[in-house]
Amino acid sequence: MTELYDLVILGAGAAGMGAAQYGARANLKTLVIEEMAPGGQALLIDRLENYPGLPEPVDGYTWAETMRAQAVEFGAEIMASSVSAVHKEDERFIVETGDDPVQAKAVVVATGAKHRHLGVTGETEYAGRGVSYCATCDGPFFKGKRMVVVGGGDSACDEAMFLAKLADKVIMVHRKDRFRAQKSVAARVLANPKIEVRFETVVEEIKGEKSVSAVSLKNLKTGEVYSEPASAVFVFVGSIPMTEGLPADLAKDETGSLVTDDRMETNIPGIFAAGDVRATPFRQVITAVSDGAVAAHCAAQYIDEIEGKAYL
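### Details of unusual backbone geometry
Move 1: The backbone of D90 sits at a positive phi, close to 60°, despite the residue not being glycine.
Move 2: Tracing the backbone shows D90 in the loop between β4 (83-89) and β5 (92-97).
Move 3: Even without glycine at this site, M264 takes up a positive phi of about 70°.
Move 4: Residue placement: M264 occurs in the loop between β16 (239-241) and β17 (271-273).

Next comes the structure, spelled out in structure tokens:
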């Protein structure tokens, strides 16, 4: 017989840890399933400086470990495993994992998203040899070198600022005529003397031999294509929601993100979604944690309803 939990949370990033804390505090038997280390994309943050209540910046690992420890202290369990399928049987969900399957009365999907690729020649060939999607992971390997950052959102700007501490020069290219990042974040990039921003520019090709040595860029206004020497290319052009193994009839938007109501509930009763995997206008650590808290709270209400214990 598979073990029955009140709440099973898929993913231990910011949203998953937020859900775990609130689920466990609501006295729900709570399990978090995470294939990698708890923390998700927060682990890649060099300085978390805009989280309310933390006036001094902390690194992502420290913040994530605090969240994990709190969730465990409240009673949540964490399983290191993958999830291959989720399906509903009567009023129960069966979650197939890399180990034994588990049952849940409600599920919170907090699987996050993976990095979107440029799809240009050389990107795959030089992955791990100059092409990267994590500045804090790989930036130190290119200390004192010339680097290119691709993107115009918060992540791209944050990572460019980090790389500017290491690089001889950072060239930042963005296909639009302005950043989509928060104004305060964008302003810091534009004011940094080590970062040269080239708007309305795209990467045509990534070149090299054993590793990256140059990038072919195209000016979208003039049509000019030219080569720029670089030892590394850091790509931050959005993300793809991680929805593999979930029920095929879960509602999604045009980007593949899960659609929820303001209770974080999907179109399948009992399945909730939180964080980067769901359709949301703003993807930040604080909003992911908030999503998780709302999802767990509403999952508890859902469980009361199906068990006939709802407060009327």
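### Section: the side chain of E265
Move 1: Checked against the element boundaries, E265 lands in the loop between β16 and β17.
Move 2: Of the buried charged residues, E265 lacks a salt bridge, with R263 as the closest side chain of opposite charge at 4.3 Å.
Move 3: Of the polar contacts made by the side chain of E265, one reaches the backbone nitrogen of G270; its length is 3.0 Å.
Move 4: Apart from residues lying up to four places away in sequence, E265 is in contact with V259, T260, G270, I271, F272 and Y302.

### Focus on helix α6 (residues 285-306)
Residue pairs three or four apart in sequence face the same way in an α-helix, which turns once every 3.6 residues.
Move 1: End to end, α6 covers 32 Å across 22 residues, agreeing with the expected 32 Å (1.5 Å per residue, within 8%).
Move 2: One or two steps after α6, the chain reaches G308, where phi turns positive at roughly 70°.

### Brief notes about the packing of aromatic side chains
Move 1: Inspection of the entire model under this criterion finds 4 aromatic pairs.
Move 2: Relative to Y302, the ring of F272 has its centre 6.3 Å away and its plane inclined at 75°; by these criteria the two rings are edge-to-face. Of this pair, F272 sits in strand β17 while Y302 sits in helix α6, placing them 30 residues apart in sequence.
Move 3: You can call F272 buried: its relative accessible area is 0%.
Move 4: Note that R25 overlies the ring of F74, its terminal NZ or CZ placed 5.2 Å from the centroid.

### Observations regarding the pattern of salt bridges
Move 1: On inspection of all chains with the given rule, the structure shows 11 salt bridges.
Move 2: Residue E196 is joined to R198 by a salt bridge in which the shortest nitrogen-to-oxygen separation is 2.9 Å.
Move 3: The salt bridge involving E228 is made with R198; its shortest N-O contact spans 2.7 Å. Residue E228 is located in strand β14 (residues 225-229), and its partner R198 is located in strand β11 (residues 195-199); the two are separated by 30 residues in the primary sequence. No difference in accessibility class separates E228 from R198, as the two residues are buried.
Move 4: Each of R146, K169, E196, R198 and E228 takes part in one network of salt bridges that share partners.

### Regarding the pairing of strand β6 (residues 102-109)
Move 1: Counted residue by residue, β6 has 8 buried out of 8 residues, so it is predominantly covered.
Move 2: Where β5 folds back on β6, the antiparallel hairpin that results is connected by 4 residues.
Move 3: In the sheet, β6 pairs with β17 via 3 bridges, with the strands oriented parallel. The residue bridging V107 from the neighbouring strand is I271, located in β17.

### Digging into the sheet that holds strand β9 (residues 146-150)
Move 1: Strands sit in the order β8-β15-β9-β10-β11 across an open sheet of 5 strands; the sheet is parallel. The outermost strands of the open sheet, each flanked by one partner alone, are β8 (131-132) and β11.
Move 2: Two strands pair when backbone bridges link them, and β8 and strand β15 (residues 232-235) are joined in this way by 2 bridges, in the parallel orientation. Looking at the pairing, V131 lines up with V233 of β15.
Move 3: Here helix α4 (residues 154-164) sits on the sheet in contact with β9, β10 (169-174), β11 and β15, set at roughly 165° to β10.

### A look at the side chain of T30
Move 1: Take T30: it is sitting in strand β2 (residues 30-34).
Move 2: A relative accessible area of 1% means that T30 is categorised as buried.
Move 3: From its side chain, T30 meets the backbone oxygen of L28 in a polar contact 3.0 Å long.
Move 4: Those residues in contact with T30 that sit more than four places away from it in its chain are Y5, L7, I9, A20, G23, A24, G75, A76 and E77.

### Looking at the sheet that holds strand β12 (residues 201-208)
Move 1: Spatially, β12-β13-β14 is the arrangement adopted by the 3 strands of the open sheet, whose pairing is antiparallel. Edge positions in the open sheet fall to β12 and β14, since each of these has one partner strand only. Neighbour to neighbour, the strand axes of the sheet diverge by 30° on average, direction disregarded.

### Some details on the environment of Y133
Move 1: Note on placement: Y133 falls in the loop between β8 and α3 (135-138).
Move 2: Along the primary structure Y133 and V150 are separated by 17 residues, whereas in three dimensions their C-alpha atoms are 9.9 Å apart.
Move 3: Aside from chain neighbours lying at most four places away, what touches Y133 is H115, R116, H117, E123, V235 and F236.
Move 4: Among the polar contacts listed, one links the side chain of Y133 to the side chain of E123, at a separation of 2.6 Å.

Cut-offs applied
- Residues numbered from 1 in each chain as written.
- Predicted model: local features only at pLDDT ≥ 70, side-chain atom pairs only at ≥ 80, totals over all residues.
- Heavy atoms only, no water.
- Helix = DSSP H or I, 4+ residues; strand = E, 2+ residues; numbered from the N terminus.
- Buried < 20%, exposed > 50% of the residue type's maximum accessible area, 1.4 Å probe, protein only.
- Lys, Arg positive; Asp, Glu negative; His and termini not counted.
- Salt bridge = Lys/Arg side-chain N within 4 Å of Asp/Glu carboxyl O.
- Polar contact = N/O pair within 3.5 Å; in protein donor to acceptor, adjacent residues only side chain to side chain.
- Contact = heavy atoms within 4.5 Å.
- Expected span 1.5 Å × (residues − 1).
- Phe/Tyr/Trp six-rings, centres within 6.5 Å; stacked < 30°, edge-to-face > 60°.
- Lys NZ or Arg CZ within 6 Å of the ring centre and 35° of its normal.
- Pairing = 2+ DSSP bridges.
- Axes fitted to C-alpha atoms, helices over the stretch in contact; angles between N-to-C directions.

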